[in-house]
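Observations on the three-dimensional arrangement
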Amino acid sequence: MKMKIFRDYIISSLAISMLIIFWVFCIDAFFYNMWSNFKVIMSIVICLMQSAINLALDNRPIISMLLEYAVVVILFFCFGIKFNWYSKGSEWFVFIYTIPVYAAGYLLRLIGVRKDANYINIKLSERKKRKVQETESNN
Amino acid sequence: MDIILVEDKESDLEVQIRYQIMNAQVQQLIQRIKSVDVKIVGSDNGEETVLNIYDIFYIESIERKTFIYTKDQIFRSSKKLYQLLDELKEFGFVQINKSCIMNIDVLDSVKTLFNSKLKATLINGENVIITRTYIPAIKKWLDGEADLYENENF
């Protein structure tokens, strides 16, 4: 219980600190034109976007996957234009650039989940065997 | 296992378990006895029913309403999902997505879905979704139970 309170305290302190830093960098960027720190913060926001979408659309896998991809494309598109990632006239490349990166990330995640699924199924079959043995020994 | 019943009108209800070693069977017995004190009330068309926690398959929160699913019935609960999780987590109930908790005892198998989610098939054939965030909790629970049996074999 004490550990849980301590952990919650650390998480909420970190969250508040992050929020303060975020606003400081936003003010720096928009009022004093210091975009370098803002870029770092926005990269963190992009990384957190996927978790936020997953949380919001927990039970809708297809919609969440499409939305996740759309958000990544839109963010890359906006930032690409703002920070000149693409040459003039070839902004549409963002749709192509994003696909291999997204696909690689998606496959890595899928491999991890497949491993977890196998592990759980093995444990469940062991559990079933134990239950059968218990029932037999009780009889 | 012997069961000794002693009638004593002076004392409160008391259960004493005498064991040689703390093993999975003793743990299960303790859990079953403790579960008698946990009262989960569900209502079906206004009629309230006290549910046996081991009859509950999963509990889901939909649009801020909590529903309890048994093998073939659905009950409404006045409690919030997190309150029910607090009451039931020591009896093998784990959170599987942000709006659902499941009784691990009724989990039959899991299958990978796209977008890093798992489809859990329950013993009555129903399916529920397990999201990636909650997979470690299920693994931890299954590991903990397996450890108890392994210790028993030593």
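Structure shown above.
Residues numbered from 1 in each chain as written. Chains lettered and ligands numbered in written order. Predicted model: local features only at pLDDT ≥ 70, side-chain atom pairs only at ≥ 80, totals over all residues.

Focus: the overall build of chain A
Within chain A, the regular secondary structure consists of four helices and zero strands. The secondary structure elements of chain A, listed N-terminal to C-terminal, are α-α-α-α. Here the analysis covers contacts within chain A between residues at least 6 apart in sequence; of these, 17% occur between residues at least 24 apart. (Helix = DSSP H or I, 4+ residues; strand = E, 2+ residues; numbered from the N terminus. Contact = placed C-beta atoms within 7 Å.)

Description of the overall build of chain B
Of regular secondary structure, chain B possesses three helices and 10 strands. What you see in chain B, going N to C, is helices and strands ordered as α-β-β-β-β-β-α-β-β-β-β-β-α. With 154 residues in all, chain B has 23% of them scored as buried. Within chain B, residue pairs in contact and separated by at least 24 positions form 39% of the contacts whose partners lie at least 6 positions apart. (Buried ≥ 20, exposed ≤ 12 C-beta atoms within 10 Å, placed from the backbone.)

Overview of the interface of chain A and chain B
Each partner contributes residues to the interface: chain A has 20 residues there, and chain B has 23 residues. Elements with a minimum of two residues in the side of chain A that touches chain B: helix 2 (35-56), helix 3 (61-82) and helix 4 (93-138) of chain A. Sorting elements by how many residues they give to the side of chain A that touches chain B places helix 4 of chain A first, with 13 residues. Broken down by class, the residue content of the side of chain A that touches chain B amounts to nine nonpolar, four polar and seven charged. (Nonpolar A, V, L, I, M, F, W, Y, C, P; charged D, E, K, R; others polar.)

Brief notes about the sheet that holds strand 9 (residues 117-122) of chain B
Residues and elements named next belong to chain B. Reading across the sheet, the three strands line up as 8-9-10 and stay open at both edges, with antiparallel pairing between neighbours. Since the sheet does not close on itself, it has two edges, and those belong to strand 8 (107-113) and strand 10 (127-130), each with one partner. When the angles between neighbouring strand axes are averaged without regard to direction, this sheet yields 30°. In the sheet, strand 9 pairs with strand 10 via four bridges, with the strands oriented antiparallel. Bridging across to strand 10, L118 finds its partner in I130. (Pairing = 2+ DSSP bridges. Axes fitted to C-alpha atoms, helices over the stretch in contact; angles between N-to-C directions.)

Points about unusual backbone geometry
Outside of glycine, negative phi angles account for most residues, and trans bonds account for most peptide bonds. Residue and element names in this part refer to chain B. A positive phi angle, close to 55°, is found at N45, a residue other than glycine. If you trace the backbone, N45 turns up in the loop between strand 1 (40-44) and strand 2 (47-51). Residue classification places N45 among the exposed positions, given that 6 C-beta atoms sit within 10 Å.

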